[in-house]
Amino acid sequence: MVQSYQSPVRVYKYPFEMVMEAYVRRFPKCDMIPIMAGTDILKETTSKDGAVNQISRRCRLHVEAPYLLKKIMGVEFIHFIQTNTLDRRNRTLKIDAYNESFSSRVVIKEHCTYSVHPENSEWTCFEQTASLDIKSFFGFESTVEKIAMKQYSQNISKGKEIIEHFITELKKEGVTHIPRWVEPQPEQTEDEENNKVESEVESSSEETEKRDRTSSTPSTGSRELQLGASATNILSMDAVTLNDGGDMLANNNEYNKRCHDSLVAEEVDNGRVDRENNKLDADYIKRCLGDLTPLQESRLIQLKKWVAELQKGKVPSDTCLLRFLRARDFNIEKAREMLSHSLIWRKKNQVDKMMNEYQVPSVIQDYFPGGWHYYDKECRPLYLLRLGQMDVKGLVKSVGEEGLLKHTLHICEEGLRLTEEATSTYGRPITTWTLLVDLEGLNMRHLWRPGIRTLLKIIEIVEANYPETMSCVLIIRAPRVFPILWTLVSTFIDETTRSKFLFYGGNDYQGPGGLIDYMPKENIPHILGGECKLDTQSVLGPVPEALYTVTLPHELECSTVVHEAGLVPKSMYLPGEEMDAARQHLPMSDQSIYRSVSLGRGQVHEMVLLIEEAGSVICWDFDVMKNDVSFSVLRTKVPITHRPEPQSPTGAMGVIDAVMGSDDLHRSVIEKGWREGHEYFRVEPQLICHDGESIQYHERDGHEPSRVDPHPVYREGESIQGSHVTSHMGTYILQWRYYESTQHTSPLDIIDSITAPKAKIMYYYETLKSADYRGSMTSLQSCQSGFSSLSSNTNKSANSSCPSR
């Protein structure tokens, strides 16, 4: 595989001629490059006017490799051929190099360019590209590749340092200015020289008049450095001056503001980018993106170039590209694939438009217990989530799983915005935020299976589209039931992300190694034993931007609003059709957890399940939103392998059939001639949903249920949850039926049926294999020992992670 390298643009704040004078001092040998044993000039040519000079050298490099590999190679030096072409007229130096040794086994190519800065003729830019292709090397291909890339990275890091060193030496010698090359003039007669002098005087007079006319209009200093989308606006030439050392004297806050301006927009207009030369400035990378190795810089530039070619209008910001690279350990191919899928997802679901138009629903405002809460000790935004106080089931049934997903994406987008503001405020790269999760109040109701499925779906989407946005996740006051939740969730979290989780049981978070190590003492909430008061009465929502006020470069203040939450009233639950309609506006998942159905008099709704393994578990959860419904679990003696497609009723008789419950759409698969106990069996007692107390009932197939009331009843609006462990293979049926306490036989019943309101249910079901069911039961039984395992690693290391069991 060919390894490639692309450097960012490195800027020397010295004239091109000074840099060239420093560069030639590297030859024939430089003590600052110990790997270089020496160089020999093979050929040198100069153009007639002296503008272009070309030198070819053979460079001898020491072999830095394991002893065994050096013995196999059998050489003391490795030779490279380097050709330098200096164009004094255009002020450029182009360097081309390739390996002479082992050229049939290894191909190394390098190209470097020194050129004048496009916006400041007194500065010099340097760019570098290289490729490495190891075809074969005595079975040590991987070793040679690692050694070569390591050595190359070290040499790259020293390049700028060497130039700076020799420029300092020049200054010590009194060389502070080297005149530019001028075009040689042909010999002229005395009359020609006099005419030239007169022409120059006239030209000088015209230029003076022009300056006088324009002196009243100040320069805006808005020229842009055309080094790539994210590098624009970071240098304003009128805001800097050069001293005798060529250093930039610029206000740091202004520079940081420009960095922030280039980062605020998640996407930048690609029309301002030189698409053919999509470049980044090295100083910009260091001050706005962080310290990257030369190879990491190269990967960022390569990914940026690929995205610019792929995206015709806009490209993601540099911080966004860097997050995807970090998520894939700077593997350019994997990062490209991950980013491509994310861009398709954003476009398909119109995420940007959705987030711009997003308004927090009133249910979320009143019952979602989370909010942004100041910053941690590293100046990263901190989000406080009181998960133990959350009514997951109520929220899912009020806004739908898509509504919770949309709010989660809104939090992620807010987090990115706050990190950009922090970068601008604190003057250093801040690209992640911290999550503090309070689990006080977490119990078995939070292990509601549809809620877990919603949580896993959200985690999957966030992991795929918002990678490397979290610095750490602090889990505090974790109860004994938490290991069950962690066992279910952790397998869906990336290994790198899992390493960022820190767990605290009981009050461990209040001691050494606890929150005090991650948060300023004055910002620890009072509910966690700190001094900071939370506004738990106001409605929650995104903290208004007006509440974030910058006071000092080192201090940010905000108003934190975190609601006490509580149970969501059932009156706020969405009807099934509204939940389906809401989902159509955000089709981010393949299927919705809940389904809804309406039943008229005499109608039934059935889910036919084919059980292929005895011991499998059928789980269900449903809410009766209106009127009375009966629920049964049945098993047929003979498996039903094919069910006819339902035919929608037509005509007048079809309407009557539909009302009376005899249409195909609401017809039972249980034939009229079948007898209970012979052709089919009732494996769970019939449940009647009307006025009465609610219960949960679990029964194993084949055992007589122990109950007082032959028909357990549920209050209207109650949630009915249950499970059934099958003892036979074959067909099982979940059956909901419109329930009437009395039978009507009068012909007028048809009219009553037409006008009678329909019953409505929202339901969810799933089938678990026997092995999966036993695994979840094992988790339930071992929750106490599991939490001990979690707690044993708490506070030991910032990189501790929850062990998987």
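About the cut-offs
- Residues numbered from 1 in each chain as written.
- Predicted model: local features only at pLDDT ≥ 70, side-chain atom pairs only at ≥ 80, totals over all residues.
- Heavy atoms only, no water.
- Helix = DSSP H or I, 4+ residues; strand = E, 2+ residues; numbered from the N terminus.
- Areas by Shrake-Rupley, 256 points an atom, 1.4 Å probe, with all protein chains shown as cover.
- Pairing = 2+ DSSP bridges.
- Axes fitted to C-alpha atoms, helices over the stretch in contact; angles between N-to-C directions.
- Contact = heavy atoms within 4.5 Å.
- Salt bridge = Lys/Arg side-chain N within 4 Å of Asp/Glu carboxyl O.
- Buried < 20%, exposed > 50% of the residue type's maximum accessible area, 1.4 Å probe, protein only.
- Core = buried A, V, L, I, M, F, W, Y, C linked by side-chain atoms within 4.5 Å.
- Parallel < 35°, antiparallel > 145°, perpendicular 65-115°, else oblique.
- Left-handed = near helix turned anticlockwise from the far one by under 90°.
- Nonpolar A, V, L, I, M, F, W, Y, C, P; charged D, E, K, R; others polar.
- Phe/Tyr/Trp six-rings, centres within 6.5 Å; stacked < 30°, edge-to-face > 60°.
- Lys NZ or Arg CZ within 6 Å of the ring centre and 35° of its normal.
- Right-handed = clockwise from strand over helix to strand, strands pointing away.
- pLDDT = per-residue confidence, 0-100.
- Polar contact = N/O pair within 3.5 Å; in protein donor to acceptor, adjacent residues only side chain to side chain.

1. As for the overall build of the protein
Summing up its helical and strand segments, the protein has 20 helices and 27 strands in all. Here the protein displays about 40600 Å² of accessible surface, and carbon together with sulfur accounts for 50% of that area.

2. Examining the sheet that holds strand β13 (residues 433-438)
Pairing is mixed across the open sheet formed by five strands, whose spatial order is β11-β12-β13-β14-β15. Of all strands in the sheet, those bounded by a partner on one side alone are β11 (370-375) and β15 (501-505). Averaged over all pairs of adjacent strands, the angle between strand axes in this sheet comes to 20 degrees, irrespective of strand direction. Seen against the sheet, helix α12 (residues 392-426) touches β11, β12 (381-385) and β13 and runs at an angle of roughly 10 degrees to β11.

3. So, the pattern of salt bridges
Scanning all chains against the criterion turns up 21 salt bridges. For arginine 346, the salt bridge goes to aspartate 352, with nearest N and O atoms at 2.6 Å. When its relative accessible area of 13% is taken as the criterion, arginine 346 is described as buried. Notably, a salt bridge pairs arginine 477 with aspartate 438, separated by 2.6 Å at the nearest N-O pair.

4. Remarks on the nonpolar core
Counting residues in hydrophobic clusters, the biggest one holds 59 residues, and the most contacted among them are Phe368, Leu395, Ile475 and Phe482. Per-element accounting of this core gives the leading share, 13 residues, to α12. Once you skip the residues sitting within four places of it in the chain, leucine 395 turns out to touch Val363, Ile364, Tyr367, Phe368, Met390, Gly400, Leu404 and Val568. Counting 27 residues, the second largest nonpolar core, distinct from the first, contains Tyr14, Phe16, Tyr23 and Ile162.

5. Topic: the pairing of β15
When you tally the buried positions in β15, you get five out of five residues, the bulk of the element. The alternating pattern of β15 places Phe501, Phe503 and Gly505 on one face and Leu502 and Tyr504 on the opposite face, and all of these are buried. Inspection of the sheet shows strand β14 (residues 470-478) paired to β15 by four bridges, in the parallel sense. In the strand pairing of β15, isoleucine 475 is matched with phenylalanine 503.

6. With respect to the packing of helix α7 (residues 294-310) against helix α8 (residues 318-327)
Relative to each other, α7 and α8 sit at 115 degrees, their axes nearing to 10 Å. The orientation of α7 relative to α8 falls into the category roughly perpendicular. Crossing of α7 over α8 shows right-handed handedness. Between α7 and α8, the contacting residues are Arg299, Leu300, Leu303, Lys304 and Val307 on the first element and Asp318, Leu321, Leu322 and Leu325 on the second. Residues that form the contact of α7 with α8 fall into these classes: six nonpolar, no polar and three charged.

7. Let's talk about the packing of aromatic side chains
Enumeration according to the criterion identifies 18 aromatic pairs in this entry. Considering the side-chain rings of phenylalanine 622 and phenylalanine 631, the 4.9 Å spacing of their centres and the 45 degrees angle between planes classify their relative orientation as tilted. Judged by its relative accessible area of 0%, phenylalanine 622 is buried. In this structure phenylalanine 631 comes out as buried when scored by relative accessible area, which is 1%. Ring plane angle 35 degrees and centroid distance 4.7 Å describe the contact between tryptophan 736 and tyrosine 763, whose orientation is recorded as tilted. Here tryptophan 736 is found in strand β26 (residues 730-738), whereas its partner tyrosine 763 is found in strand β27 (residues 759-768), with 27 residues between them in sequence. The two residues tryptophan 736 and tyrosine 763 agree in class, both being buried. By way of ring pairs, the aromatic residues Tyr12, Tyr23, Phe27, Tyr114 and Phe126 are connected into one cluster. Note that lysine 13 overlies the ring of tryptophan 123, its terminal NZ or CZ placed 5.8 Å from the centroid.

8. Notes on unusual backbone geometry
Put simply, phenylalanine 27 and proline 28 share a cis peptide bond, and its omega is 0 degrees. Tracing the backbone through its elements, the reader meets proline 28 in the loop between α1 (16-24) and β3 (36-46). Notably, phenylalanine 102 is not glycine yet its phi reads approximately 55 degrees, a positive angle. The topology assignment puts phenylalanine 102 in the loop between β6 (92-99) and β7 (106-116). Phenylalanine 102 gets classed as partly exposed once you look at its relative accessible area, which sits at 22%. If you check the backbone angles, cysteine 379 has positive phi at about 70 degrees while not being a glycine.

9. What to know about helix α14 (residues 482-490)
Taken across its nine residues, α14 has seven buried, putting it largely inside the fold. Those residues of α14 lying buried are Phe482, Pro483, Ile484, Leu485, Trp486, Val489 and Ser490.

10. Topic: the packing of helix α13 (residues 449-465) against α14
Helices that pack against each other are described as a pair by the angle of their axes relative to one another and the distance between those axes. Packing of α13 against α14 leaves a shortest axis separation of 10 Å and a crossing angle of 45 degrees. Between α13 and α14, the angle is such that the two are oblique. Crossing geometry of α13 relative to α14 is assigned as right-handed. Together, Ile452, Leu455, Leu456 and Ile459 of α13 and Leu485, Leu488 and Val489 of α14 make up the contact between the two elements. In terms of residue class, the contact of α13 with α14 is made up of seven nonpolar, no polar and no charged.

11. Here we look at the environment of leucine 387
Here leucine 387 lies in the loop between β12 and α12. For the pair formed by leucine 387 and glycine 370, sequence separation is 17 residues and the distance between their alpha carbons is 8.1 Å. Other than its neighbours up to four places away in sequence, leucine 387 contacts Val437, Asp438, Leu439 and His446.

12. A look at the pairing of β14
In terms of residue burial, β14 counts as a mostly covered element, since nine of its nine residues are buried. As defined by bridge partners, β13 adjoins β14 across five bridges and the pair is classed as parallel. Bridge pairing in β14 places aspartate 438 opposite isoleucine 476. Between β13 and its parallel partner β14, the chain crosses via α13, and the hand of that crossover is right-handed.

13. Comments concerning the confidence of the model for the protein
When pLDDT is averaged across the protein, the result is 74; 68% of the residues are at 70 or more. Across the protein, the secondary-structure element scoring lowest on mean pLDDT is strand β16 (residues 549-552), at 33, and the one scoring highest is β6, at 95. Here residues 210-276 is modelled with pLDDT under 50, and outside its nearest four sequence neighbours on either side it reaches 125 contacts, counting other chains as well. Note that residues 774-805 has pLDDT below 50 and, in this model, 50 contacts with residues that lie over four places away or in other chains.

14. Section: the side chain of serine 668
Examined against the element boundaries, serine 668 turns out to sit in the loop between α17 (651-660) and β22 (680-689). There is a polar contact of 3.0 Å between the side chain of serine 668 and the backbone nitrogen of isoleucine 670. Residues within four places of serine 668 in sequence aside, it is in contact with Val604, Glu606 and Gln735.

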